[in-house]
Amino acid sequence: MTDIDSPSGSPAGPILEMRDIVKKFGVVTALGGVSMAVEPGEIHAICGENGAGKSTLMNVLSGLYPVGSYDGEIWYEGELMGFKTLRDSETRGIVIIHQELALSPHLSIAENIYLGNERSHRGVIDWRATRAGAAELLQRVGLRENPNTRVSELGVGKQQLVEIAKALSKDVRLLILDEPTAALNDDDSAHLLGLMRMLKREGVTQIIISHKLNEIMAIADSLTVIRDGTVVETVAMNGTEPVTEERIIRGMVGRSLDHRFPPRSPHIGEELFRLEDWTVHHPTDPGRVIVDRASLSVREGEVVGIAGLMGAGRTELAMSLFGRQYGTGVSGHAYKRGVEIFPRTVRRAIRDGIAYVSEDRKKFGLNLIGEIRHNVTAAALGKVSRRGVLDKGLETKVAQDYREQLRIRTSSVQSPVSQLSGGNQQKVSLSKWMFSDPDVLILDEPTRGIDVGAKFEIYTIINALAAQGRGVIVISSELPELLGLCDRIYTLSQGRITGEQNRAEATQESLMRLMTMERTSA
């Protein structure tokens, strides 16, 4: 690595230097003097816990936080930069792709790629050139879609590729990817990493922010670890001193995580909840069965996992159970402590002691523009109201209690949820449903998009809920997470329960075998 104090602009110098960057939000210091350098043509990874300042640093670089709103210097291609807007950085070939994709779902792929960068002649859009250019870019990123296809018809993985195609249309020289694989399955993630390697061969410098350490180990040339707004270290991945996942984790969280999961001695009681022959049909194609006669149970104090590949029906099962938010023709039986319940609406499900934490906390789990305290109490307003009038003091106290109990990092419970990191947003989402006092809590991808330190805290919360005698159902795409957390694991394939294994017998191989079982006739 080139020393960050070396002269900028030299042929062998870095393409980017950020020197002593300080960024404050009121009294909160998000970046406390961050310095880093990126070499031309390399893939540079940035790791850190949620709230460490990674995205803030990239927003400073891209001009989203304009010059004058921060202290420090940005040197790019040997010149001192002062970007006032995102467009300023893009004209210099710096393009950032955020974790929350910025595509218009109702426009076509071609329209999205050239939005704000239209191909036109005398003020009139040249649609032939637009479609032809989009087709070339799609081929370059390996996406075999018609440029006229609406973005709303694409999965998240393909939308991510459209974002990269859009970046390439701007003659990108420095591409920043913020958690690019957080919402992707293994195949889409592998394709995206392959595309990054291709762009590297073409000379495009890249910065990747990711919590997936195995991907960082596989693709990065160098790594900067940030903790609490300061740089812990910057290292070359192929240097003389080995860079291990343990070393990265220690830098991120300030301690060793020899055990990724907190210790737990389960105390499992009587059967708490049972589902029998649960069947769900597709909401717009009633002839298509999405969940087929699924049966499962959870006991008091037990953590039960549901494993399955993308499209297996895991989320659909959970959403249909929680107030029939998904599907049509829902049939089957649900029992709590041996008594049949009928959670046909969300209100009834909550009354029956069932809670569901969505996999998409930003879309379904939280009101991002609302204050933390409002989000925490949203599912049980009756508990903070007197004769139909909200008791704001009590609401604030409840939110403060959960802030301390779950260690939500915020200066005030009156702050908007949008200002929190992903891990802290997830804690708010958990607080919301914990406050509803459920007997059965369904967690759908509870640690998606959060770092290892925050994951450990979420696992601790799950263990505490089970210790209170609640039944916890965890849906996760990460098999090691299910194996480290759950007492029993059900496998789901093509809408059917294909197996059930306890902690002692379950392995990644045995679970994968059950998850890929072909559907057979009854």
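Taking an unreviewed UniProt entry as the reference, the protein chain is identified by name as ATP-binding cassette domain-containing protein belonging to Tessaracoccus antarcticus.

A.B. asks: Just checking my understanding: could you explain the environment of Leu192 for this structure?
C.D. replies: Mapped onto the secondary structure, Leu192 falls in helix H6 (residues 186-201). By relative accessible area, which is 1% here, Leu192 ends up buried. Those residues in contact with Leu192 that lie beyond four places of it in its chain are Gln160, Leu161, Ile164, Pro180, Thr181 and Leu184.

A.B. asks: I tried to follow the domain arrangement of the protein chain on my own but got confused; where do I start?
C.D. replies: Frequently, the measure chosen for interface size is the accessible area that the parts lose on association. Domain boundaries assigned for the protein chain yield domain 1 (16-253), domain 2 (259-353 + 438-521) and domain 3 (366-437). Here domain 1 and domain 2 have C-alpha centroids that lie 35 Å from each other. For the pair domain 1 and domain 2, the summed buried area comes to about 820 Å², and 57% of that belongs to carbon and sulfur atoms. Where domain 1 packs against domain 2, one counts zero salt bridges.

A.B. asks: Whenever I open this one, the pairing of strand S1 (residues 16-25) confuses me. Can you help?
C.D. replies: Within a regular strand, side chains alternate between the sheet's two faces. Sheet topology note: the S1/strand S4 (residues 71-76) ladder contains five bridges and is antiparallel. When the bridges of S4 are listed, Met18 appears paired with Ile74. With eight bridges joining them, S1 and strand S2 (residues 28-38) adopt antiparallel strand pairing. Paired with Lys23 across the two strands is Leu31, which belongs to S2. Between the antiparallel neighbours S1 and S2 lie two residues, among them Gly26 with a positive phi of about 65 degrees.

A.B. asks: Explanation requested: the sheet that holds S1 in the structure shown.
C.D. replies: Sheet strands pair via backbone hydrogen bonds, and the direction of the pair is either parallel or antiparallel. Spatial strand order, S2-S1-S4-S5: four strands in an open sheet with antiparallel pairing. Here the strands that pair on one side only, and so sit at the sheet edges, are S2 and strand S5 (79-81). Strand-to-strand twist across the sheet, computed as the mean angle between neighbouring axes with direction ignored, equals 25 degrees. Against the sheet, helix H1 (residues 54-62) engages S1, S2 and S4, with an angle of about 110 degrees to S1.

A.B. asks: Before we go on, may I ask you to explain the sheet that holds strand S14 (residues 289-299) in this structure?
C.D. replies: One open sheet accounts for four strands, arranged S14-S13-S16-S17; its pairing is antiparallel. Sheet topology places S14 and strand S17 (339-341) at the edges, where each strand pairs with a single neighbour. Sheet twist, expressed as the mean angle between neighbouring strand axes with direction ignored, is 15 degrees. Of the strand pairs in this sheet, strand S13 (residues 271-281) and S14 are connected by seven bridges, and their pairing is antiparallel. Counted as the bridge partner of Trp278 is Ala294 from S14. Most of the contacts of helix H9 (residues 314-321) go to S13, to which it runs at about 110 degrees, and overall it touches S13, S14 and strand S16 (328-336).

A.B. asks: For this particular structure, what's the right way to read the environment of Ile372?
C.D. replies: Checked against the element boundaries, Ile372 lands in helix H12 (residues 372-377). Residues Ile372 and Leu420, spaced 48 residues apart in sequence, show a C-alpha to C-alpha distance of 9.3 Å. Contacts of Ile372, omitting those with residues within four sequence positions, involve Thr410, Ser412, Val413, Ser415, Val417, Leu420 and Val428.

A.B. asks: Just checking my understanding: could you explain the side chain of Ser358 for this structure?
C.D. replies: Within the secondary structure, Ser358 sits in the loop between strand S18 (354-357) and helix H11 (361-365). A distance of 3.0 Å separates a polar atom in the side chain of Ser358 from the backbone nitrogen of Asp360. Among residues more than four places away in sequence, those in contact with Ser358 are Phe364 and Asp444.

A.B. asks: Explain helix H5 (residues 156-168) here, please?
C.D. replies: With 13 residues, H5 extends 19 Å between its outermost C-alpha atoms, agreeing within 8% with the 18 Å of an ideal straight helix rising 1.5 Å per residue. The buried fraction of H5 amounts to 11 of the 13 residues, a majority that puts the element mostly inside the structure. Of all the positions in H5, only Gly157, Gln159, Gln160, Leu161, Val162, Glu163, Ile164, Ala165, Lys166, Ala167 and Leu168 are classed as buried. Buried positions along H5 lie against strand S6 (94-97), helix H3 (109-113), helix H4 (127-141), strand S9 (174-178) and H6.

Parameters at a glance
Residues numbered from 1 in each chain as written. Predicted model: local features only at pLDDT ≥ 70, side-chain atom pairs only at ≥ 80, totals over all residues. Heavy atoms only, no water. Helix = DSSP H or I, 4+ residues; strand = E, 2+ residues; numbered from the N terminus. Buried < 20%, exposed > 50% of the residue type's maximum accessible area, 1.4 Å probe, protein only. Contact = heavy atoms within 4.5 Å. Domains from an automatic or database assignment. Buried area = accessible area lost by both parts, 1.4 Å probe. Salt bridge = Lys/Arg side-chain N within 4 Å of Asp/Glu carboxyl O. Pairing = 2+ DSSP bridges. Axes fitted to C-alpha atoms, helices over the stretch in contact; angles between N-to-C directions. Polar contact = N/O pair within 3.5 Å; in protein donor to acceptor, adjacent residues only side chain to side chain. Expected span 1.5 Å × (residues − 1).

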